[in-house]
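# Structure assessment
These are the residues of each chain, in order.
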Amino acid sequence: RFHMAQQNLLVSRDVPLGEGDIAPQKKYSSSDMITAAQEMKFKQDEAHRRRKKRKKEGKKAEDESKNDLKKAYTTTAHEKTKDELMKDFNVDFAKGLHPAQVEELRQTHGWNELTPTKQDPWWLKLLKSIFGGFFNQLLWAGSILCFVAYGVDPNDPKDRTNLYLGIVLSSVVTMTGCFGYYQESKSADIMESFSKFATQKIVVLRSGTEVKVDPRELVPGDIVVLSYGMQLPADIRVIECSPDMCVDNSSLTGESDPQVRKWTPSTVAPHEAENLAFFGTMLLKGKGLGLVINTGDTTFMGRTAALACATENVATPIAREIKDFVTKVSVIAFALGISFFIIGMVTDGKLVKNIINLIGIIVANVPEGLLATVTVSLTLTARRMDSKNVQVKNLESVETLGSTSVICSDKTGTLTTNIMTCQHVYYDLQERECDTRSPNEAVEGDFYYEDGSVRASFIRLVRIGALCNNAKFLDTGSIVGDATETAMIKFASGHVHSKYHLGVQKYRNLHEKLHEIPFNSTNKWQISMHRLTPNLALGSEQKEDTRDQAIIVFKGAPERVLAMCDTYLYDGEARELSKETRDAILDGVLQLGSQGERVLACADLVLDVNQYDISKMEPPIERFEHNESQSTTEQLVFVEYNSELLPIRLNESGEDGNPLELEDHFVKHIMKLVEAETNMNSGCQRLFYSDTGDLLEAEQTLRELQIGQGSILHLREGPFKFNGTSRETANWPFGRSDERGLTFVGLMAMIDPPRPGVPEAVKKCQTAGIKVVMVTGDHPVTAKAIAQKVNIIGPDGETKEEVANRKYGGNPTLVKPHEYKAVVTPGHVLQDMLDKDEDEVTEFWNEVLQKPMVVFARTSPQQKLLIVQACQERGAIVAVTGDGVNDAPALKKADIGIAMGITGTDVAKEAADMILKDDNFASIVNGVEEGRIIFDNLKKSIAYTLSSNIPEIAPFLLFQILGIPLPLSTVMILLVDLGTDLAPAISLAHEGREADIMKRRPRDPDVDNLVTWRLVSFSYLQIGILQALAGFYAYFVVLSSHGLKPNFLPGLARETNFIHTTDDDRVRDAYWLYCWDEDFSKGSCHYYPDPSVGNGLKDWVTGDDTFVEDAIKFANDKWAYKFTEANWNANNETFKTNYKNLIAHFNTKTYTNSLYPTRWCDGNDYGDRKYSHCDGSRTLEGQNSLFPIQMRDRTYALAESNSAYFISIIIVQWADLMICKTRIRSLFEQGMSNTFMNYSLFFETILGAFLVYVPVSNTVTGTRPLRFTWWTSAVPFSLAIYIYDELRKGWIRKNNGGWLHRNTYW
């Protein structure tokens, strides 16, 4: 039962109720809401500590300027009388301001325009996109270091690896920066949107004259002429207005109903004052005068604009996640790099070499392709969302929507259609629900009998809705008119067409309108009279008389309409309206009103055709003698009728009770007396006077017609003519004390209905653990009704007040917190609470926001902003939806702002991150699902990408620790990160959703990070280790094929034993590698450009000066560059002659195995040391030398081993990509239906082959062609990765929550 306080509210309202509805709700478990409530855990201890800290430090919570902005809009102009206003603004309302005053005020207040915010030029935004952000700066730093390393390289020729690396890194960061700028380029100038509210020239009163001025010229104190249809140019205090003046505040306050304006002082809050009209709103009806009280930035909209611009943008969760991840990875990269740089400097002290190693370790740790992967993945998702009517402006907001835990939604235009629609009708004493899905064609409902014929009472209700209505259909099919009348005519349209096969406009034309008294806020009703032809008469209206009848149709506030009725319609027949029936109807009114619906009662009356005959012909126009009169000494006039003069004595009294002078009487007084004399209804009388030929009107006075004592008027009879502008002056039955009343037909209840699919969407959000909070500027009763309709407030959602009325006699202080689940907080209550001290404010927010069902009504823009902020402070990720100017600050403050694309203002769209192109809240659910999918898929992409970090890092670690030749170059690392891995990583963005994605709770940003330690453990310590083993295995296989077995490798990289040049012309074929000690790890292997370099060489060839002399001569003659097969053949004899001792040393014996059939290898070198590995082993004791391998061979062997390592990463990433498709499901369940992924597997393989086998790629990247068998070396490891992960996932599925699940589920 609707409690008494609400009944009083509904009955005592000055205007009809706002929208709502009472459709039966589907029941659902309260556990659905508990999940959402858990997302609003309140960190009270932490908040308390923060407050204490601020107090201790003497800091304010916000800057004073921002606090000032967040205070509610205040003014006292609405409370002042006209005299007080004239004194305060120093203006005479009759004359306006003088030019001197205008100039003085303009110097003080400035122009009436909004101050634009400073914006960066496009090129600066582009530069910020390229060079801004920690990750970008990290890559730029790496690129610069590469260029520096290339520049300081002392070798001749320089190693181009660093040059290529620098170019690639700088290109990557530039391209991704440009791509991000292109995707997210938008104007941040919110003020530009507000400037679009500039109006046309307006009329003001200055120095007693009406003049037209531009809106920007207005100053406080100006008197503005207000007229229908104008857009208000400033904040206005109404000082004069017509009774029907209404404004549309929906874009500013969220109220969908036209708001009545009055000139009388008011004591309510400014944004609810009926005598204020605000800049940017529309004057829908009426005319009057207004006093400008605020201009420019001080207006309500100006403060909202400033608030939106002052509101700081909140970093999206995905941005914070990526920043956190990159920071951690960078710390690890720099820590490792610097550590090994220090070790290298201590070991050999070579600065350039160790800087290059430092860069290599950093590059190996940092996933350079991550930025491109994330950007492209988000873009793909944004395009997918665009196809679902969600336009993404900020790419990162895609994932933010998926992690949202609270949606603060506007009501009007977001949850509802912003189109008033007939939700219920009431006739035959029963409530019937209407179809709101397609109002113009709605014919479904309990309105027809089984044979298809329409119910008699209902069709009369439809007739009233169509005729007592001033809304109009345009040629385009759209409807222009008041929102309520538009709703009524839409509802009537479908049923009129069903009954008569006519459009409403043609139906109206068949019912000619004879007279009307329009609706006004004083009467709260509208009445019109129409011609009813016999063929359109219904039921008992049909008579044998074939004359047209007059029908009265009437609508208005139910209590007013019922007061004028004495019968009611039941099953098409009029019955006496008893007190019991009247009470039953009022109960129906209250029931509909409690649902937030605007209820109008409808009545009609067909008039007696004999008494109100409208079928007669109009008499012809006649002219008589000018000022014709007859002499008399009495206060009377004469009326000529049928050639007979009737004396009419006038003796009416005025409002003061004193007799009126003859000239002060009205024509209607004469008509009344004539009716008594002739029995001719006053409506049928046609009175002429003098020679003008004009008919006299009932409301004209004799003075204005110059009718005096003895004047002769002429009476003719015509069809009945309705006149009168009020109930008192009406000349037809109107339920007055001495006459017949009307017949009550039924009720029509209008509502701004929920959008189709919204209740289901809200329910789905709640299932997904997302709390939906309504924040609206509409009335609390309406807001609550809509909240119940769309499932924001469930069936068990009692408010504190309702529990108090039900259990504690209306005392809310006795209600315990667990006894109610719903909160409906009006703006004035919220403002009162926010004005209290900080501890009380915090307690208030905690009490309200922890409830599972929350509605805020009658809120200001500043309050909406504070609601969002309060949710964020309590750990929620907040999405805000809205369409009006009033929503802009909250849209910008939210983690993600969502604006309406159709009804949304430009201001709201500019402030938002996303735009719903179909204005449908239900589209948000699609966005949430896509957001969760992209988070899942980004997690999978990162897991896939990070797995290759270990096989990229490990080569540098072993190179630095063991001194083995570098297994993977930095250029090849980039080939993986930015080449072969990029397409597969992006392909995961196309992966479909997992079955439970909309049943999970929103992720906790403090726990459910994009990159967790479990994911790092999975990628690095599990899959990454297996991949590194595969890479080293391929590396060892290739080097072993060249005779360099694994046990030979440690220590070989202590000196420049392997050069990384791709310039074949400069490969030094005559350079040799010598190892002085058996223990290579001690750094005893040296590579010299010629045999005469190094002190160790002289010790090795002790006493043989001829060898040393030849070696020095060999070097000086630069034979090091000529020692090729061609030069040997051309200069064989010269060489033998000049370097016979050198030849004697190296030509003693050749090493004749299959790999090196022409290489020299002797049992003993010149210094009587054994050549190592001549027999394929290293078993000889003592100091040994490595068998001679030319530099070209060593370079080629290392390049092949690097290429094999690179290809092995591709092979194992096949398996890695497939296992990353799911986090817990088997690949057999998920399948390989991701076409893009299948192509990416093929693409990375083809790209790898291209880089290995195409000569130009070999030159640029340092790769070499591989034997096919070397490709297969990583295949067993790829299978091992797949089998391991399938076993792991299977165990987790079987033992959900077990140790393996807790520690390896990422």
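Residues numbered from 1 in each chain as written. Predicted model: local features only at pLDDT ≥ 70, side-chain atom pairs only at ≥ 80, totals over all residues. Heavy atoms only, no water.

## Here we look at the packing of aromatic side chains
For the structure on display, the rule yields 23 aromatic pairs. Relative to Trp732, the ring of Phe722 has its centre 6.0 Å away and its plane inclined at 70°; by these criteria the two rings are edge-to-face. In this pair, Phe722 sits in the loop between β25 (712–717) and β26 (742–751) while Trp732 sits in the loop between β25 and β26, placing the two residues ten residues apart along the sequence. Grouping residues by exposure puts Phe722 and Trp732 together as buried. (Phe/Tyr/Trp six-rings, centres within 6.5 Å; stacked < 30°, edge-to-face > 60°. Helix = DSSP H or I, 4+ residues; strand = E, 2+ residues; numbered from the N terminus. Buried < 20%, exposed > 50% of the residue type's maximum accessible area, 1.4 Å probe, protein only.)

## Some words on the nonpolar core
One finds Leu401, Ile792, Phe921 and Phe1206 to be the most contacted residues of the largest nonpolar core, which totals 139 residues. Sort the elements by how many residues they give to this core and helix α43 (residues 1191–1219) lands first, with 13 residues. (Core = buried A, V, L, I, M, F, W, Y, C linked by side-chain atoms within 4.5 Å.)

## Considerations on the pattern of salt bridges
One pass over the full model with this rule turns up 43 salt bridges. One salt bridge connects Asp88 with Lys80, and the closest N-O pair in it is separated by 2.5 Å. On the basis of relative accessibility, which here comes to 47%, the residue Asp88 falls in the partly exposed class. Judged by its relative accessible area of 21%, Lys80 is partly exposed. Note that Glu634 and Arg649 form a salt bridge whose closest N and O atoms lie 2.2 Å from each other. Of this pair, Glu634 sits in the loop between β21 (598–606) and β22 (636–641) while Arg649 sits in strand β23 (residues 644–649); the two residues are 15 residues apart in sequence, bridging distant segments of the chain. Through salt bridges with shared partners, a single network forms among Arg460, Arg463, Glu541 and Asp604. (Salt bridge = Lys/Arg side-chain N within 4 Å of Asp/Glu carboxyl O.)

## Here's the deal with the environment of Arg261
Topologically, Arg261 is positioned in the loop between β6 (259–260) and β7 (276–277). The exposure class assigned to Arg261 is buried, which follows from its relative accessible area of 4%. Measuring from C-alpha to C-alpha, the distance between Arg261 and Leu283 comes to 9.6 Å, with 22 residues separating the pair along the chain. When sequence neighbours within four positions are dropped, the list of residues in contact with Arg261 reads Val238, Cys241, Met245, Val247, Asn249, Ala273, Glu274 and Leu276. Separated by 3.1 Å, the side chain of Arg261 and the backbone oxygen of Ala273 make a polar contact. (Contact = heavy atoms within 4.5 Å. Polar contact = N/O pair within 3.5 Å; in protein donor to acceptor, adjacent residues only side chain to side chain.)

What is shown is where atoms sit, not what they do.
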